[in-house]
Protein chains: 2
Amino acid sequence: MLPLEKEHITNIAYDTVIFGFTGDKLKILILEYQNSGLFALPGGFIRRDENLYDAVKRGVRERTGLDKIHLEQFHTFGKKNRDSAYPFKKIAAGKGYPITSDHWVLDRFITVGYYALIDYNQVKPTPDKFSDSIAWHSIDKLPPLMIDHEEIVEKAIEAIRNDLGKKPIGTNLLPKKFTMKELQKVYEIILNKEFRRTTFQRKMLSLDFLKRHEKLYTGAANKAPYLYSFDESKVEKE
Amino acid sequence: MLPLEKEHITNIAYDTVIFGFTGDKLKILILEYQNSGLFALPGGFIRRDENLYDAVKRGVRERTGLDKIHLEQFHTFGKKNRDSAYPFKKIAAGKGYPITSDHWVLDRFITVGYYALIDYNQVKPTPDKFSDSIAWHSIDKLPPLMIDHEEIVEKAIEAIRNDLGKKPIGTNLLPKKFTMKELQKVYEIILNKEFRRTTFQRKMLSLDFLKRHEKLYTGAANKAPYLYSFDESKVEKE
DNA sequence: TATTATTGTATCAATTTGATACAATAACAA
DNA sequence: TTGTTATTGTATCAAATTGATACAATAATA
C-alpha cells in the first residue's frame, strides 16, 4: 500500500504530444532521461486544486516557455499494465533522488493524452527536473519510447488528422503570415497525402478564411508568392 | 485525508452514455436515486487489476444485460469541482449505508466518458445498487442531471455525430435488418438535419456496404420496402 | 380493376473537383 | 534592355458528385 499523497491526485496523470512544423517536417518534443537511456513524452501530475486542463497547460508552458497554445485532449489510456515503476526508479536513482518502493508515483497510472500545436520558431524547449534533455524529433523517426508512449503519439496524429478542417490546426503550427505552399505542406504532412497545387489553392481561397497580404520576396528568380494569414473572424469555419 | 482503498484505483471513474434508437427518437439510459431526487449517468470505478475499457464494459453489461456492445471513449472530464460528495452522501444514507466523510468515493474524481450504442429492443435495463430505477429518456428532454453529467451527454452527442460515417454507428443502433427509411432517420436524428429521400438512398447504396434482403410487408397499402443489413466485410468504410 | 401511399430509379440541371494550360512575375545573365 | 528560368495565380474545359423532379412499380383495399 502506498503512503498518502497530499499535493496531487493519484493514479492519474497526463502526457502531451507537442507538435511543431519546421517547414517540411512535423516534429514533436521528446524528453531524454540520462542515466537510463529512456525517452518519454512530456507529462505530469494534477494538483488537487487544479483543473486537468490547467495542469496540462502549466506543463506545456514549463517545457516550451509558451503561454498561448492550442491544446486539445484526444484520448485517455487506461490499460492495467501501464505503470512506470521500473523507469521511474531508475530515473530517480540516476538523478540522486532514490524513491521508496511504496511511493505513489510507482502505482498504476491512467493518463490523459493532449496534443499541443505551437509555432516551432518561438519555442525554447526546457527539460523537466527528472530529464537531462528535451529535443525535437521528426514523427517519422522517433526513438523507442517508454511504456505505451508510442501508441499515444499514434493516437495524437490520428486525432490531429481528424481535427484538421474542423479546428484551426494550421493557425497554430504556422507563423502569423505564411505562403500557400507552406499551408499546403502542413495539410500534406498531416494527412500523409499530396494535393494538386491548383486545386488546393482554389479550395483554400474559396473557403474564405484567408486574408491576403504583401508578397514575400525571397530572392529566388521567380514570381513572389503572396503571404496569407487566417482571418480570425472566419477561422472557426476552417 | 482519506483512508486507503485496496480494490479500486482512486480519483478516477467512468461514466457511460448508453444510446438506443426507438424508431424515431434517440434515447439514453438514466439512473434515478430514490430518496434523493437525483438523476445520473450509469458509471463506476476501476478495479486495480482491470483495464479501463474492461471496467466500462462490465458496467454496461450490468446495466443492460448485453455483452457485445459498441463502446467508444470520447472525452475525459477533469474540472476540479466535479466531486459528488453531497449527492453520494445523500444517496448512501437514503439506501441505509451511511459513509464516513473521509471515504474515498467522496474525494475529487476525474471521469472518462464513453458512449455505447445498443439495440434498444434487446436491453433489459437494470439499476445499480445505489439507484432505484433506470429508464430511457429522449435526448431532447432529459431530467436535470447530477454534477456535470449534462455536459457529458452533450459531448457524447457531439462525438457520435463526428463518428457517424467513420465508425459503424448505424450498425449498432439498428436491428440486424432495417429499412432505408429507418437508416435515414438515424442519420437525421444524430446530425439533426433532414435529408432528401432519393439522394440519401442513392448515396447509401453507392457506398456499397449495404446488403439487400427480402421485402418487409407491413400490411400498409403501398409498395413494400426492402430490408437491408450492413455487409460486415465492407462496413469499415462506412 | 381503380385507388392510395410509398418505394426504387431515371433524368437533367447545378455544383464541385480534376486536369491542363497559360499569363504574370522576380531575379539574373547576356 | 532583353531573354531565361522557376514559380505562382487563374482560367478553362472535362469528369464526377449532388440537387431537384418526375415517374414507374408495387401492396393492400375498396
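Keep in mind the model is a prediction, meaning the values are calculated, not measured.

## A look at the packing of aromatic side chains
We describe a pair of aromatic rings using the distance from one ring centre to the other and the angle between the two ring planes.
All names here are of chain B.
Then step 1. In this structure the tally under the stated criterion is 22 aromatic pairs over all chains.
Then step 2. Relative to Phe230, the ring of Phe209 has its centre 5.8 Å away and its plane inclined at 20 degrees; by these criteria the two rings are stacked. Placement of the pair is Phe209 in the loop between α6 (197-207) and β8 (210-215) and Phe230 in strand β9 (residues 226-230), with a sequence separation of 21 residues. Per residue, the accessibility class of Phe209 equals that of Phe230, and both read buried.

## With respect to the interface of chain A and chain B
Then step 1. Between chain A and chain B, the residue contacts involve 28 residues of the former and 28 residues of the latter.
Then step 2. When chain A packs against chain B, close to 2300 Å² is buried across both sides, 54% of that on carbon and sulfur atoms.
Then step 3. On the surface where chain A and chain B come into contact, there are two salt bridges.
Then step 4. Arg48(B) is paired through a salt bridge with Asp107(A); the nearest N and O atoms lie 3.2 Å apart.

## A look at the protein's contact with DNA strand C
Then step 1. In the vicinity of DNA strand C lie 25 residues, with Asn222(A), Arg197(B), Thr198(B), Asn222(B) and Tyr226(B) positioned nearest.
Then step 2. Here the atoms of DNA strand C within 4 Å of the protein split so that 54% fall in sugar or phosphate, with bases taking the remainder.
Then step 3. A distance of 3.2 Å is found between a phosphate oxygen of DNA strand C and a side-chain nitrogen or oxygen belonging to Arg196(A).
Then step 4. Side-chain polar atom of Arg197(B) to a base nitrogen of DNA strand C: 2.8 Å apart, as the coordinates give it.
Then step 5. Every element with two or more residues in the surface near DNA strand C is listed here: α6 (197-207) of chain A together with α6 of chain B.
Then step 6. Here the surface near DNA strand C gets five residues from one element, more than from any other, and that element is α6(B).
Then step 7. Looking at the surface near DNA strand C residue by residue, the class counts come to eight nonpolar, seven polar and ten charged.

## Structural notes on the pattern of salt bridges
Then step 1. Summed over all chains, the structure comprises 18 salt bridges over all chains.
Then step 2. Asp67(A) serves as the salt-bridge partner of Arg61(A), at 2.8 Å between the closest nitrogen and oxygen.
Then step 3. Residue class for Arg61(A) comes out partly exposed when judged on its relative accessible area of 37%.
Then step 4. As a salt-bridge pair, Glu50(B) and Arg58(B) come within 2.7 Å of each other at their nearest N and O atoms.

## Overview of the relation of the copies chain A and chain B
Then step 1. By a simple turn and slide, chain A fits onto chain B: the slide is 0.0 Å along the axis, the RMSD is 0.0 Å, and the turn is 180 degrees. Here the two chains are linked by the operation of a two-fold rotation axis.
Then step 2. A share of 100% of interface residues in chain A that are also interface residues in chain B marks the association as one of identical surfaces.

## A few points about the pairing of strand β6 (residues 110-117) of chain A
All names here are of chain A.
Then step 1. Judged by how many residues are buried, β6 sits mostly within the fold: eight of eight residues are covered.
Then step 2. In β6, alternate side chains face the same way, and those of Ile110, Val112, Tyr114 and Ala116 on one face and Thr111, Gly113, Tyr115 and Leu117 on the other are all buried.
Then step 3. With eight bridges connecting them, strand β1 (residues 8-21) and β6 associate as parallel partners. If you follow Ile18 over to β6, its bridge partner there is Ala116.

## Re the protein's contact with DNA strand D
Then step 1. Neighbouring residues of DNA strand D: 25 residues in total, closest Arg197(A), Thr198(A), Asn222(A), Tyr226(A) and Lys215(B).
Then step 2. Of all DNA strand D atoms lying within 4 Å of any protein atom, the proportion belonging to sugar or phosphate reaches 53%.
Then step 3. Contact between DNA strand D and Lys223(A): a sugar or linking oxygen at 3.3 Å from a side-chain N or O atom of the residue.
Then step 4. Contact between DNA strand D and Asn222(B): a base nitrogen at 2.9 Å from a main-chain N or O atom of the residue.
Then step 5. Counting only elements with at least two residues in the surface near DNA strand D, the list comes to α6 of chain A together with α6 of chain B.
Then step 6. When residues in the surface near DNA strand D are grouped by element, the largest group, five residues, is from α6(A).

## Some words on the confidence of the model for chain A
Then step 1. Per-residue confidence for chain A gives a mean pLDDT of 88, with 95% of residues at or over 70.
Then step 2. Taken element by element, chain A is modelled with least confidence in helix α2 (residues 85-94) of chain A, mean pLDDT 73, and with most confidence in β6(A), mean pLDDT 97.

## Topic: helix α1 (residues 52-64) of chain B
Residue and element names in this part refer to chain B.
Then step 1. Over its 13 residues, α1 extends 19 Å from the first C-alpha to the last, a length consistent with the 18 Å expected when each residue adds 1.5 Å.
Then step 2. The complete set of buried residues in α1 reads Leu52, Ala55, Val56, Arg58, Gly59, Val60, Arg63 and Thr64.
Then step 3. Gly65 lies just past α1 and shows a positive phi near 80 degrees.

Basis of the calculations
Residues numbered from 1 in each chain as written. Chains lettered and ligands numbered in written order. Predicted model: local features only at pLDDT ≥ 70, side-chain atom pairs only at ≥ 80, totals over all residues. Heavy atoms only, no water. Phe/Tyr/Trp six-rings, centres within 6.5 Å; stacked < 30°, edge-to-face > 60°. Helix = DSSP H or I, 4+ residues; strand = E, 2+ residues; numbered from the N terminus. Buried < 20%, exposed > 50% of the residue type's maximum accessible area, 1.4 Å probe, protein only. Contact = heavy atoms within 4.5 Å. Buried area = accessible area lost by both parts, 1.4 Å probe. Salt bridge = Lys/Arg side-chain N within 4 Å of Asp/Glu carboxyl O. Near = heavy atom within 4 Å. Polar contact = N/O pair within 3.5 Å; in protein donor to acceptor, adjacent residues only side chain to side chain. Nonpolar A, V, L, I, M, F, W, Y, C, P; charged D, E, K, R; others polar. Least-squares fit on C-alpha atoms with pLDDT ≥ 70 in both. Pairing = 2+ DSSP bridges. pLDDT = per-residue confidence, 0-100. Expected span 1.5 Å × (residues − 1).

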